[in-house]
Amino acid sequence: MLDSFFKLRQSGTDTRTEILAGVTTFLTMAYIIFVNPTILGDAGMPKDAVFVATCLVAALGSLVMGLYANYPIAMAPGMGLNAYFAYAVVLGMKVPWQAALGAVFVSGCLFILVSVFGLRAMIVNGISRSLRVAITVGLGMFLALIALKSAGIVVASPATLVQAGDLHKPEAIMAVVGFLLIVTLDRLKVRGAILIGIVVVTILSFFFGGNTFHGLVSAPPSIAPTFGQLDIKGALGAGILNVVLVFFLVELFDATGTLMGVASRAGLLVEGKMERLNKALLADSAAIVAGSVLGTSSTTAYIESASGVQAGGRTGLTALTVAVLFLACLFIAPLAGVVPAYATAPALLFVACLMLRDLGDIEWNDTTEAVPAAITALVIPFTYSIAEGIAFGFITYALLKLTTGRAREVKPVIWVIAALFAFKIVYIGS
């Protein structure tokens, strides 16, 4: 039955290989069940309910990706977008987390529409490679700043805005140890390097950080505090229209890039294209909508799925295995609840470092491409806002092409996005 449904033989794989690939993928991305509640908890969301929502939407998204699109790609709340949700939108813009969830819901609906009507290619192809890379790099720098702050390595300063924290504190030392451990294990190709790093620092926190153990297994906490709490009406207010746009754009680029990258690694591209790309994008967008209802930030395809592909995963059975394992995680809530912020900080910093590796793809010899990209990447961490970085980047790109007589190079979608952000800045404010 599994062979006929997932086309295992046709894909050159078998049940055992697919299950092992699913376990491999799960180990490399399981850190999200500890990191996501920590980040969204900072925004005032109930951590236990977010933990349940994280496990459920990761299971649901991976299940749909496996059964509907038949790809070995797992899904979970996206890194970067959860930080934007918590620190920029809720804490920075003072938007209630219920309205922020509403913005995620609206962006997911937009994502569904562009997938159904085939507009994805037009939007993605209309935006220059340099700007797409810059958004990823800016997200990485934003995550790095949050990670260093959570570890106490970077602190606020009235004179210089930021400065080095007290590096003699146990929290900072343990975070540094965790980071070096993660990088070392990853270099040695140890499966679950990030997860191991989080677990080791958490264990150390019981001896050096005053942490207390509350058990390992229990019945899943209630999801009631976040389930169905999204405020769609509040999300449609003029003040956070740019938030919806940012969620939509990052989701679109992140999902498309990840899907294509993992599919290429698995040898699933036909003439450079994914045969079931629209199905995969629909699975992605449906998970975003479901996640907003359950109570978590945007869900997306995980690049860590490449580890499962490396282990031989070629079909949706790999994703199905990941879904089952995330459901099993619902019963380890006590363990997730004792993970301190400085234990997840090394994971955030490592992911941030990986997001900077695309810097070489920016066209540095063309200042009309390089400068807007640099502006995008720099403004995101310095303003603590992905929205501001994207806004300044798109507006700068359009203006520089116009002032240098190269306006014809700018696709209509960039003019539209730049105009929307310019209108927002002029008439609504930052």
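For the structure given in this document, a descriptive report is provided here. Numbering of residues starts from 1 in each chain and follows the order in which that chain's sequence is written. Where totals are concerned, whole chains, interfaces and linings use all residues; where local detail is concerned, this predicted model gives features only for residues with pLDDT of at least 70, and gives and counts side-chain atom pairs only at 80 or more. Neither water nor hydrogens contribute to the side-chain values; these are computed over all heavy atoms in the structure.

## So, the side chain of S107
Put simply, the rule reads: Helix and strand labels come from DSSP, where a helix needs a run of H or I of at least four residues and a strand needs a run of E of at least two; each type is numbered from the N terminus. Residue contacts are defined here by distance: any two heavy atoms, one from each residue, within 4.5 Å place the two residues in contact.
By the secondary structure assignment, S107 is in helix α6 (residues 97-116). The residues contacting S107, other than those within four sequence positions of it, are V244, F247, F248, E251 and I288.

## As for the environment of G393
Going by this rule: Buried means the residue's accessible area, taken with a 1.4 Å probe over protein chains only, is under 20% of the maximum for its type, while exposed means over 50%, and partly exposed covers the values in between.
Along the polypeptide, G393 turns up in helix α19 (residues 386-403). By relative accessible area, G393 is classed as buried at 0%. Linking G393 and L249, residues 144 residues apart in sequence, is a C-alpha distance of 13 Å. With residues up to four places along the chain from it excluded, the contact list for G393 reads L131, P372, I375 and T376.

## Some thoughts on the pairing of strand β3 (residues 161-164)
Put simply, the test is: For two strands to pair, DSSP has to find at least two bridges joining them.
Of the pairings in the sheet, the one linking strand β2 (residues 154-157) to β3 comprises 4 bridges and is antiparallel in character. When the bridges of β3 are listed, V155 appears paired with Q163.

## Here's the deal with helix α5 (residues 81-92)
To keep it simple, the criterion reads: Expected span of a helix: the number of residues minus one, times 1.5 Å.
Helix length check: α5 (12 residues) gives 14 Å between terminal C-alpha atoms against 16 Å at 1.5 Å per residue, more than 12% under. For α5, the buried fraction is high: 10 of the 12 residues fall into the buried class. Positioned one or two residues after α5, K94 has a phi angle of 60°, which is positive.

## What about the packing of helix α8 (residues 129-150) against helix α17 (residues 341-355)?
Selection rule: A fitted line through C-alpha atoms represents every axis, and for helices the fit uses only the stretch in contact; the resulting angles, taken between N-to-C directions, go from 0 to 180 degrees. Roughly parallel means an angle under 35 degrees; roughly antiparallel means over 145; roughly perpendicular covers 65 to 115; every other angle is labelled oblique. In this scheme the handedness of a crossing depends on how the near helix is turned from the far one: anticlockwise by less than a right angle means left-handed, clockwise means right-handed. For this scheme, ten residues count as nonpolar: Ala, Val, Leu, Ile, Met, Phe, Trp, Tyr, Cys and Pro. Four count as charged, namely Asp, Glu, Lys and Arg, and the remainder, Gly too, count as polar.
For the pair α8 and α17, the least separation of the axes is 8 Å and the interaxial angle reads 155°. Overall, the two elements α8 and α17 adopt an arrangement that is roughly antiparallel. The hand of the α8/α17 crossing is left-handed. Packed against α8, whose contacting residues are T136, V137, L139, G140, L143, A144, I146, A147, L148 and S150, the element α17 presents A341, Y342, A345, L348, L349, V351, A352 and M355 at the interface. Looking at the contact of α8 with α17 residue by residue, the classes come out as 15 nonpolar, 3 polar and no charged.

## What about the layout of surface pockets?
How we decide: A 1.4 Å probe that fits but cannot get out identifies a cavity on a 1 Å grid over protein atoms alone, an open set with protein on both sides within 12 Å along at least five of seven lines counts as a pocket, and a residue lines either if it has an atom within 4 Å of a point. Grid points are joined across faces, edges and corners, and a volume is the space filled by probe spheres set on the points.
Within this model, the largest pocket holds a volume of roughly 1,600 Å³. As for the largest pocket, its lining consists of 46 residues, and the residues nearest its centre are I303, E304, A306, L354 and R357. Looking at the lining of the largest pocket, the elements that each hand over two or more residues are α2 (15-29), α8, α9 (170-187), α10 (193-208), α12 (241-265), β6 (299-301), α14 (305-310) and α17. Of all the elements, α12 adds the most residues to the lining of the largest pocket, at 8 residues. Among the residues forming the lining of the largest pocket, the class breakdown is 21 nonpolar, 13 polar and 12 charged.

## Some remarks on the packing of aromatic side chains
Note the following rule: Paired rings are identified among Phe, Tyr and Trp, the last through its six-membered ring, by centres lying within 6.5 Å, and are further divided according to the angle between planes into stacked (under 30 degrees), edge-to-face (over 60) and tilted (the rest).
As enumerated under the stated definition, the model contains 4 aromatic pairs in all. Taken together, a centroid distance of 5.4 Å and an interplanar angle of 70° make the contact between Y84 and F247 edge-to-face. Remark: F247 occurs in helix α12 and Y84 occurs in helix α5; sequence separation between them is 163 residues. Exposure remark for Y84: the relative accessible area of 0% places this residue in the buried category. On the basis of an interplanar angle of 85° and a centroid distance of 6.1 Å, the ring pair of F206 and F213 is categorised as edge-to-face.

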